[in-house]
Amino acid sequence: MNKPRPIQQVFYAIMRITFTQMLLMTALTSLVSAAHLNGQGILDRKVSLDVNQREVQSVLSEIEKQTSVEFTYRDKFIRSLDRVSMKLEEASLKEVLDRLFDSHVSLIIVEEEEEIVLKPKSGLAPAESAITQERPVKGKVTDESGQPVPGVNVIEKGTTNGTTTDIDGMFSMNVRDENAVIVFSFIGYATQEVRVGDRTNFDISIVGDVTTLGEVVVVGYGEQKKETLTGSVANISGKEIVKSPSTNVGNSLAGKLPGLIVNQRSGEPGQDDPGILVRGYGTFGADGDASSTASAPLIVIDGVPRAYMTRLNPQDIESISVLKDASASIYGARAANGVILITTKKGVKGKPVFDLSFNHAFSQPTKVMDVLDAATFAEAFNEAEWYRAGRPATWTPFYSNEAIQKYRDGSDPVLYPNTNWVDEVFKSASVQQRFNLSATGGGESVRYFLSFGATNQEGILKHAPNSYRQYNVRLNVDVNLTKNLTLGANISGIINDKRSSSTQDNQNNDERVDFYNILHANPTLVARYPNGLIAPGRLGENPLLLDQRGYNRVQSSPLFSSFTATYNVPFVKGLKLTGTYNYDLNNQFEKRWIKPYFYHEYNVVTGEYIKKQGTGSSTAELTDTYRKWTTILSNFRINYDKTFDKHFIGVMLGIERQKSENSWASAYRKNFVSTAIEQIDVGSTAPADRNNGGSSGASAYQNYLGRLNYNFSERYLVEFLFRYDGSQIFPEGKRYGFFPGVSAGWRLSEESFLKSLTFINNLKVRASYGESGNDRVGAYQYLQSFSFGDNYVFGSADVPGIYPGVMPNPNITWEVARQTDFGIEGTFWNGLLGVDVTRFQSKRSNILVPRNVSVSNVYGFPGLPYENLGKAENSGFELVLTHKSKIGSVDYRISANTAFTRSKIVFMDEVPQDEPYKNRTGHPVGAGLYYKADGVFNTQEELDAYPHLANAQVGDTKIVDLNNDNLINGADQFRFDYTAVPSMFSELHLISDTKTLT
C-alpha cells in the first residue's frame, strides 16, 4: 500500500487497533461495568473525592464520571450553594451526598434511568425551589385509521431522553417538567411535536405521507429529517412494497420512486431480475454501447454493499432510499450511478406479535403475439412469393388451393396440420406463491424480530423444466447491556433452488427459451402428431422437447450477518460511538445436465413414424460447478450531534475496510453409461471425455468518510460530506480517490416575511454538488497478466502453454462523475398541493474503456487494457405533484411524477464512420443505427425516380438517401437519438384508505 496521505494520517492511530479488538474491549469492559453497577443500588456506588473549595456543580460532574449516575437539577439552585471541601476514599454515594448537601436537598432516584433528581426541601426561597422535577407521561400513538403504530420514536426535544412505542402503540417515559416538548417521529409519517403542559396522558395520531414518504429519511450512514434534508433522496416504506404481489423486490419498485428506472426483460422464474438505473445511463461500455453493468447503482443493505436485493423478503424491509445526487458521494468510488439503501426491520418493544400472510397469484406474459392459422398463412405466403417474383401473369403458388382447404378443415392433421405454436408452448397462466411468518416483541433491554418466508414460482412454458424455490430467514436482535451500550445482531439467509433448460446459444450463453424459434415456426408444421408423438418442429428444435434435453440447476445459500455495538458516551451528551462487523458467505452449486433428445418424423412413403435424434449433443454431458464468495466489512464511526440555542451541528467521522474473496471449481464428463444417473463419477474417464477448471480472486477497499451538518433554526441548512476511497484494483499512486459533496438549503417558509402567507406550510430551495466514482473494471490491469492454455505437443508429450493477456496500464484510475442538482419543494394548503422539482446534470470523465482506433492491430498486441478515455454527460429534470384530502370519512392521495433524462457521449475513441452522422459521439448512450423512412412507393414512376434497394417494388418502404449518392446502402443509416430505455417516465397513483389504483 502506498504511503499514507494527509487525510489518512488523521485516522492512522485508529488503524492501529482493529475493529475486532475494539469491539471485544468495549463489550468486555461494559459487561464488567454492568455486572458491578447493576449488582448494587445507586446510592451504594463508591466514590473517591479530594476537593478544596470547589463549586458544587463541578463536584457533581466528577461524581457522574465515577458512578455513571446522571444528576438533574436547576442550575440557579445549585449555584446558590456554598463551595465545598472534602476528602473521601471509597465512600458510598449516599455518604457523599449527605455531606455535600446536609439537609438542604431531597433526592428523587429514578433507578431505571440511573438518574438522581436534586430537589430543595421546603422552606427555601421560591427561586431556589424552582428545580427540575421528573414528570411521568404516557400515551398511545395511532395512524389515520386508528390502528396502533409500533416503533415510533418518542423523544424529549433537546435531550437524549426517549423511548419507542410498543406493538400496541403505547409508550411511557419521564420528562423534565411541564415545559418539555415531546417529538414523535417515524419513517413514512410526518413528525409531530407536543408540549407537555399539565397533561400526563397523550393520544397521538400521526399522519402518513406516502407521496413524500415521511419526515425521517434514511441516508448514507444515518437518518435525517425530511424538512432539513438538502440532498435529492427518494424514499419508500416497506408497507408500500408489500402491496405489490411480485415475488421480486426490484419489480415491486417499478413506478414507485421518481428517477428510478426499472425494466423487467424476463419473466422466467428465478431469472426475472429487472434492469435498474438511477436517472438513466451516465456512462458507456467498451464499444460505446449502453452497459447495464457499468451503469448499475450501488446496492447497500443494512449498511453493507450486497447482492440479492431482488431476493429479499419484502416483509423484512423497513424502507428503501435512493441517493441521486451529492448525497451519494459518501459512498465514493462506487456511487457514480446512484445508491440504493435498504433498511430491514428491527424488533419493537412490547408483547410478542405474530404476523402471518399468504399470497397466491397468477402471472401471464405481458403480450403474446397473435399468429396466423395455417390456411391464412398459406394464402399470405403465396401472395408474398408472387409479389417478390414481380407479379407475373402466370404463377404456380407454393400452396395449392386443395392444400389450403385441408389446412382449413383439418381433414389431414399429419400432412396438413393447423398448429398454433403459442398455444402449444405457453400456459394460459403460471402460479406464484408467497408465504411469510414473522414475530416481533421485547422489553426495555432486549428487542427481537424474526421472520421466515417461502416463495414458489412456476414457469409459463408447458414443456420446460422451469421453476424457482426460495426460502428466507432473518433474526434481528438488539440488547441494551447498559444504559449507554447497545449490541445488535442481524443475521439472515436465503436458500435458492432454480431449475431451467440446459440449452445454450452459439456463444455458450444460457438460452433456455428460444422465442425466435417459437414465433417463427410456421403453423403448417406439426407440433405433436395425433398419436401423441412429438414432431421435429422448426429445424428439429421443437420447444415441446425442452424437458427431455436435460436441465440446469443452480442452488445457492447466501448468509448475511451484521454485528453492531453502539455506545452513547455519558459524560459528553450527543457523542456516540458505533462499530459494526459484517461477514457474508455465499455457496453456490450448479449442475448442467445435457441429454440427447429424440423426436419422430412421419415417413410419407411408408406411413411410419421414424425416431430421430435432435440437433443437440449426441451423448450425455455433465458439468458440476462450485462457487464460493466471502465478504468481510468492518467500520467504526464517531457521531456528535449538538444543539446550541438555534444552532445545530452534527459531525460524523468513520473508517471502513472491506475484503472480498471468491473461488470456483468445475468438473466435466461425457459419455455416461446411463442417463438415469447424473453424477460426475459415472461419466467416462477417458482424457478426451473429461475436463476441469478453477480459479480464485480477491478485492479490498479501505475508506475514510465523514459528514458535517449545520443548520440555523432549521432555516438555513448546509451539509458537507466526503469519502476517501482506496482500492487494490488500481496501482500505487492511483489507488486513492477523494470524493467530496456539498449541499445547502433555505427554508423560505421559516422566514418572517412569508409567515403571513398561511397557505404555505413548507417551502424549501436546495442545491448540491458532489463527486463520486466508478471502478467497475477488471482488477490488476496495471500488471502484465498471463494465462494458461494453448498447449502444444513436444515430442510425444502434451506441454502446458502460457500466453500474455492485455497490455498493462500503469495509469489506470477512477472514473469520476461530477453531479449538480437544483431543487425546490413545497407543501401548500395543508397538503392540498405538494410540489417537488429537481433539475440535475452529471458530467462523467475518465470513463474506463479500451482504445478502438488510436492503436492499430497491426502492432500485434495481445489486447488493449482499459484506459480513462471517455467522457459523457447526463441531464434532465424530475417533477412530483401531490394532492391529499378527504371526502367524507375517506382519506385519499393523488401523486403524479414525471422524469426526463438524456445522455450524450462527449468523447470516445471510436472508429470514424463512413458518414459523420453515424458516429456515436454527440448522441445518447445506446443510440442505434437505423434507416429513415419517407412513406412508401405508390407508383412505378415514383419507384423509378428515386434510389431504392435491389428488387424493391411498388408498395415497399421508401428509404431516404441521406448522403445523396443515389444509392441505398449502409451509408444511409443514421444514429437515432432514442434508446431501449425511455427518456421520459410518467406515473400516476391514486391512493385511498380502502384501495390503491396505480
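Heads up: these notes are all about the structure in this document. It should be emphasised that the depicted structure is a prediction, and the values quoted were computed from it without experimental measurement. Along each chain, numbering runs from 1 in the same order as the chain's sequence is written. In keeping with the predicted nature of the model, local features appear solely for residues at pLDDT of at least 70, side-chain atom pairs appear and are counted solely at 80 or more, and the whole-chain, interface and lining totals rest on all residues. Heavy atoms from the whole structure form the basis of all side-chain values; hydrogens and water molecules are not counted.

Points about the pattern of salt bridges
Take a side-chain nitrogen of Lys or Arg and a carboxyl oxygen of Asp or Glu: if they are within 4 Å of each other, that pair is a salt bridge. By the definition in use, this model includes 42 salt bridges. The salt bridge partner of arginine 279 is aspartate 821, with a shortest N-O separation of 3.0 Å. Taken as a pair, arginine 279 in the loop between strand E17 (275-278) and strand E18 (298-301) and aspartate 821 in strand E42 (residues 815-828) lie far apart in primary sequence, 542 residues in all. For arginine 279, a relative accessible area of 5% corresponds to the buried category. For aspartate 956, the salt bridge is made with arginine 388, and the minimal N-O distance between the two is 3.4 Å. Within this pair, whereas aspartate 956 is found in the loop between helix H15 (940-945) and strand E48 (957-959), its partner arginine 388 is found in helix H10 (residues 374-388), the two being separated by 568 residues in sequence. Buried means the residue's accessible area, taken with a 1.4 Å probe over protein chains only, is under 20% of the maximum for its type, while exposed means over 50%, and partly exposed covers the values in between. What makes aspartate 956 buried here is its relative accessible area of 15%. Assessed through its relative accessible area of 52%, arginine 388 is described here as exposed. The network of salt bridges with common partners includes Lys225, Glu227, Glu714, Arg747, Glu750 and Lys755. Every helix listed is a DSSP run of H or I at least four residues long, and every strand listed is a run of E at least two residues long, numbered separately from the N terminus.

Notes on the packing of H10 against helix H11 (residues 401-409)
Running from N to C, H10 and H11 point in directions that differ by 155°, and their axes come no closer than 7 Å. With respect to H11, the element H10 is oriented roughly antiparallel. In this structure, H10 uses Ala374, Ala375, Ala378, Glu379 and Asn382 to contact H11, whose residues at the interface are Ile404, Tyr407 and Arg408. Looking at side-chain class alone, the contact of H10 with H11 contains five nonpolar, one polar and two charged residues. Fitting a line to C-alpha atoms yields each axis, with helices limited to the stretch in contact; the angle taken between N-to-C directions then spans 0 to 180 degrees. If an angle is under 35 degrees, it is roughly parallel; if it is over 145, roughly antiparallel; if it lies from 65 to 115, roughly perpendicular; otherwise it is oblique. Throughout, a contact is declared for two residues whenever any of their heavy atoms are within 4.5 Å. Following the grouping adopted for this structure description, the nonpolar residues are Ala, Val, Leu, Ile, Met, Phe, Trp, Tyr, Cys and Pro, the charged ones are Asp, Glu, Lys and Arg, and the polar ones are all others, Gly among them.

Details of the environment of arginine 707
Checked against the element boundaries, arginine 707 lands in strand E34 (residues 690-712). Residue arginine 707 is classed as buried on the basis of its relative accessible area, which comes to 9%. Each C-alpha atom, one on arginine 707 and one on glycine 741, is 9.2 Å from the other, the two residues being 34 residues apart in sequence. Here arginine 707 is in contact with Val219, Gly220, Tyr221, Gly222, Gln224, Ile330, Gly650, Val651, Met652, Glu719, Phe720 and Leu721, once residues within four sequence places are set aside. Side-chain atoms alone can form a polar contact between residues adjacent in sequence; in general such a contact is a pair of N or O atoms within 3.5 Å, and within protein one must be able to donate a hydrogen while the other accepts it. Looking at arginine 707, its side chain comes within polar contact range of the main-chain oxygen of glycine 220, at 2.7 Å.

Overview of the packing of aromatic side chains
Pairing of aromatic rings covers Phe, Tyr and the six-membered ring of Trp, with a centre-to-centre limit of 6.5 Å; geometry is then stacked below 30 degrees between planes, edge-to-face above 60, and tilted otherwise. For the structure shown, the criterion picks out 30 aromatic pairs. Aromatic side chains phenylalanine 730 and tryptophan 814 sit 4.6 Å apart centroid to centroid with 65° between the ring planes, which places their arrangement in the edge-to-face category. Taken as a pair, phenylalanine 730 in the loop between strand E35 (716-727) and strand E36 (736-747) and tryptophan 814 in the loop between strand E41 (802-804) and E42 lie far apart in primary sequence, 84 residues in all. The exposure class of phenylalanine 730 is buried, given its relative accessible area of 0%. Overall, tryptophan 814 belongs to the buried group, its relative accessible area being 4%. Consider the rings of phenylalanine 739 and tryptophan 814, whose centres lie 5.9 Å apart with planes at 85°: the pair is edge-to-face. Here phenylalanine 739 is found in strand E36, whereas its partner tryptophan 814 is found in the loop between E41 and E42, with 75 residues between them in sequence. Neither residue differs from the other here; phenylalanine 739 and tryptophan 814 are each classed as buried. Among the aromatic residues, those joined into a ring-pair cluster are Phe377, Phe381, Phe398, Tyr399, Tyr407 and Tyr416. Should the NZ of a Lys or the CZ of an Arg lie within 6 Å of a ring centre and within 35 degrees of the ring normal, that charge is described as sitting over the ring. The cationic tip of arginine 279 hangs over the ring face of phenylalanine 840; the distance from NZ or CZ to the ring centre is 4.1 Å.

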